[in-house]
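# A closer look at the structure
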Amino acid sequence: MQPALVVLGSGFHTPARDRLEVLADCAFIVDGTGRIADVIRPEDPRQQALAAWAEAQGVLHRLPADAWLIPGLVDLHVHAPQWPQLGKALDAPLEVWLQKYTFPLEARFADPDFAAEVYDDLVRSLLAQGTTTAMYFGSVHKRPNLILAEACLRHGQRALVGKVAMDDPATCPAFYRDADAATAIAETRAFIAELRAMQGEDPLVLPVITPRFIPSCTDDLLEGLGQLARETGCHVQTHASESDWAAGYVRDRLGCSDCTALDRFGLLTDRTVLAHANFIDGNDMALMAQRGAAVAHCPMSNAYFANAIFPVRRALEAGVEVGLGTDISGGFSPSILDGLRHALMTSRHLGRGADPTLPPEARGTGEAPLTAVEAFWLATAGGADALSLPVGRLAEGQCFDALVIRANLPGSGLRHFPGADRPEELFEKIVLTADRAAIGDIWVQGRKVR
Ligand code: GUN
Ligand code: FE
């Protein structure tokens, strides 16, 4: 094997939820298909010869001083057509926000020129934030979602893209819905075929079956999409048990929880990602664990729409796969680094409590908050496992999706004092303070995208 790229330097990754691995002075060998062929340690006699060979071939990338390689960040939940709404319109509860702001905005993506302009900016912006894999809800329209996929391919972002399906006239406005269940299913099927036809053997952008959430879909649509999931083997994404209103709506209509209903429709698979899932109970968690379905934990947007904190530790301990989502634009930051900090903070509030008038022992649930290692794992390997994709770790066999974090740059809060920071402490500083200004080079599938 002739390496296509050799990156020389130090890195961090979390191969397991509770395990940080410091990869000091390693050579990361990337093959011609963009996979990591080997991670060679400094004590291995092959390292020097390989580095010299790579330098002569012009394929050596030496990390600058004060720089560390980390796995690319995985965002499990982005609403692409809500990008123009980031940072505004958060003054209403979910059910009002959808009708008043969000459906009218998403309806504008019927215009392919508008979609092309917004999606190009979105993909470039998320890549610059270190998001090398994004799972996108598109809009109801088929063609503009292919424009989003084209933007991902053009800029080199790994992505999963779904045509949103929503057909229930009781909850979806006439100006923004599928004509009926049969149309929504046919358009989803065509979208899957067209997106697959755009790429070869090893596609960077995958199609996702995307019922918006049960309240916006008829039973016929959910049934048909479940059938399509079985037929195509595609990923599935939807919102589940997000707020009191949303979970209550499903209970009133179907007499069960979101998870049970999705399972009956064939939509709860090992390739399913449920956004939010704040109000899932122990039975739902057990069912999800059995099916291998995952949660996109979106702590920022939950503070606005859920009035509750997702019990992330309870879910993990029940065997549910969990990663992080920005939920653009229910969440106001495009950064998964921000997202992991909100996950850390909210887990502290849930475990330790919030209301100072209560005694300390009654103030929180008593569950242990997330650690820095766990939060980083959620943002990388956890998200990758949720998608069953070979990314999220700097290890042999994984796709080389990675970014460089640089310390001590002007304008960044990440400061490194080599005499005072052990590697594990520097990792903690990265988790808590690495910002946009600290992000250097980025690769996806071995291709430099920034
Ligand atoms: N539930 C249904 N649609 C949406 C959406 O666009 N954002 C959020 N946060 N929840 C939803
Ligand atoms: Fe959402």
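See the structure printed just above.
What counts and how
Residues numbered from 1 in each chain as written. Chains lettered and ligands numbered in written order. Predicted model: local features only at pLDDT ≥ 70, side-chain atom pairs only at ≥ 80, totals over all residues. Heavy atoms only, no water. Pairing = 2+ DSSP bridges. Helix = DSSP H or I, 4+ residues; strand = E, 2+ residues; numbered from the N terminus. Axes fitted to C-alpha atoms, helices over the stretch in contact; angles between N-to-C directions. Contact = heavy atoms within 4.5 Å. 1 Å grid on protein atoms, 1.4 Å probe; cavity = no way out; pocket = protein on both sides within 12 Å on 5 of 7 lines; lining within 4 Å. Points joined across faces, edges and corners; volume = space filled by probe spheres on them. Nonpolar A, V, L, I, M, F, W, Y, C, P; charged D, E, K, R; others polar. Phe/Tyr/Trp six-rings, centres within 6.5 Å; stacked < 30°, edge-to-face > 60°. Lys NZ or Arg CZ within 6 Å of the ring centre and 35° of its normal. Buried < 20%, exposed > 50% of the residue type's maximum accessible area, 1.4 Å probe, protein only. Right-handed = clockwise from strand over helix to strand, strands pointing away. Parallel < 35°, antiparallel > 145°, perpendicular 65-115°, else oblique. Left-handed = near helix turned anticlockwise from the far one by under 90°. Donors = N, O, S within 2.8 Å, 3.2 Å for Na, K, Ca; no water. Tetrahedral: all angles 85-135°; square planar, octahedral: opposite > 155°, others 65-115°. Salt bridge = Lys/Arg side-chain N within 4 Å of Asp/Glu carboxyl O. Near = heavy atom within 4 Å. Polar contact = N/O pair within 3.5 Å; in protein donor to acceptor, adjacent residues only side chain to side chain. Areas by Shrake-Rupley, 256 points an atom, 1.4 Å probe, with all protein chains shown as cover. Sits in = over half its atoms within 2 Å of the grid points. Core = buried A, V, L, I, M, F, W, Y, C linked by side-chain atoms within 4.5 Å. Disulfide = S-S within 2.5 Å. Expected span 1.5 Å × (residues − 1).

Two pairing modes exist for strands in a sheet, parallel and antiparallel, and in both the strands are linked by backbone hydrogen bonds. The strand order across the open sheet built from eight strands is β6-β7-β8-β9-β10-β11-β12-β13, with neighbouring strands paired in parallel fashion. Lying at the two open borders of the sheet, with one neighbouring strand each, are β6 (73–79) and β13 (321–324). For this sheet, the mean angle separating the axes of adjacent strands, direction not counted, is 25°.

Its location among the elements puts G411 in the loop between β14 (402–406) and α15 (423–433). In this structure, the C-alpha to C-alpha distance between G411 and D435, residues 24 residues apart in sequence, is 9.2 Å. Once you skip the residues sitting within four places of it in the chain, G411 turns out to touch D435 and A437.

For the largest pocket, the calculated volume is near 210 Å³. Here the lining of the largest pocket is built from residues that sort into eleven nonpolar, three polar and three charged.

Moving on, we come to the packing of aromatic side chains. Applying the stated criterion across every chain yields a total of ten aromatic pairs. Counting every residue linked through ring pairs, the aromatic cluster contains F12, F376 and F427. Above the face of the F114 ring, R108 is positioned so that its terminal group lies 4.2 Å from the ring centre.

Let us look at empty space enclosed by the protein. According to the stated counting rule, one finds three cavities of 30 Å³ or more in the structure shown. The space that makes up the largest cavity amounts to roughly 90 Å³. Around the largest cavity sit H79, L94, W97, L98, R212, F213, H239, E242, H276, F305 and D327, which together line it. Ranked by the residues each element gives to the lining of the largest cavity, the list is headed by helix α2 (residues 94–107), at three residues. A class-by-class count of the residues in the lining of the largest cavity yields five nonpolar, three polar and three charged. Approximately 60 Å³ is the volume found for the second largest cavity.

It is worth spelling out the pairing of strand β10 (residues 235–240) at this point. Extensive coverage of β10 is indicated by the burial of six of its six residues. Burial of β10 is two-sided: the residues H235, Q237 and H239 facing one way and the residues V236, T238 and A240 facing the other way are all buried. One ladder, built from two bridges, connects strand β9 (residues 205–211) with β10; its direction is parallel. For V208, the partnering residue across the bridge sits in β10 and is H235. Read as a crossover between parallel neighbours, the route from β9 over helix α6 (residues 219–232) to β10 is right-handed.

Relative orientation of the contacting elements helix α4 (residues 142–155) and helix α5 (residues 181–197) amounts to 30°, with a least axis distance of 10 Å. The pairing of α4 with α5 is recorded here as roughly parallel in orientation. In this structure, the crossing between α4 and α5 has a hand that is right-handed. Here α4 contributes K142, N145, L146 and A149 to the contact with α5, which in turn contributes E187, A190, F191, E194 and L195. Of the residues belonging to the contact of α4 with α5, the class tally is five nonpolar, one polar and three charged.

So, on to the coordination of the iron ion (ligand 2). Within the protein, the atoms that donate to the iron ion (ligand 2) are H77 (NE2), H79 (NE2), H239 (NE2) and D327 (OD), at distances of 2.1 to 2.3 Å. Taken together, the four donor atoms coordinating the iron ion (ligand 2) and their angles of 85 to 177° define a geometry best described as irregular. Within one chain, the residues serving as donors to the iron ion (ligand 2) are arranged as H-x1-H-x159-H-x87-D. Placement of H239 in strand β10 and of D327 in the loop between β13 and α12 (336–352) is noted, with a sequence separation of 88 residues between them.

Okay, the pattern of salt bridges next. Where side chains of opposite charge bring their charged atoms close, a pairing between them can arise. A full pass over the atoms with the stated rule returns 25 salt bridges. Two residues, D263 and R291, come together in a salt bridge whose shortest N-O distance is 2.7 Å. Taken together, the residues D263 in helix α8 (residues 258–264) and R291 in helix α9 (residues 282–291) connect sequence positions 28 residues apart. Salt bridges sharing common partners tie together R17, R313, E317 and E374.

Right, let's get into the site of ligand 1. Close to ligand 1 lie H79, Q82, L94, W97, L98, R212, F213, H239, E242, H276, F305 and D327, which account for all nearby residues. Between a nitrogen atom of ligand 1 and a side-chain N or O atom of H239, the distance comes to 3.4 Å. For ligand 1, the protein covers 100% of the area, taking 280 Å² as the surface of the free molecule. Judged by the fraction of its atoms near the pocket grid, ligand 1 is located in the largest cavity.

This part takes up the environment of G248. For G248, the location among the structural elements is in helix α7 (residues 244–254). A relative accessible area of 26% means that G248 is categorised as partly exposed. Along the primary structure G248 and D258 are separated by ten residues, whereas in three dimensions their C-alpha atoms are 9.5 Å apart.

To continue, consider the nonpolar core. Counting 98 residues, the largest nonpolar core has Y136, V322 and I405 as its most contacted members. In this structure I405 touches D66, A67, W68, I70, L414, I430, A434, A438 and I439, once residues within four positions along its chain are discounted. Grouped together as the second largest cluster of nonpolar side chains are 17 residues, F137, V140, M166 and F305 included.

All right, on to the state of the cysteines then. Cysteine pairs can be linked by a disulfide, which is a covalent bond between their two sulfur atoms. Under the definition given, this model contains zero disulfides. Looking at the unpaired C172, the closest cysteine sulfur is the one in C217, lying at 6.9 Å. Here C298 is not disulfide-linked; the sulfur of C259 is the nearest cysteine sulfur, at 15 Å.

The next subject is α6. Its 14 residues give α6 an end-to-end C-alpha distance of 20 Å, which sits within 8% of 20 Å, the value for a rise of 1.5 Å per residue. Buried residues of α6: L221, L222, G224, L225, G226, L228 and A229, and no others. Buried-residue contacts for α6 involve β8 (158–165), α5, β9, β10 and α7.

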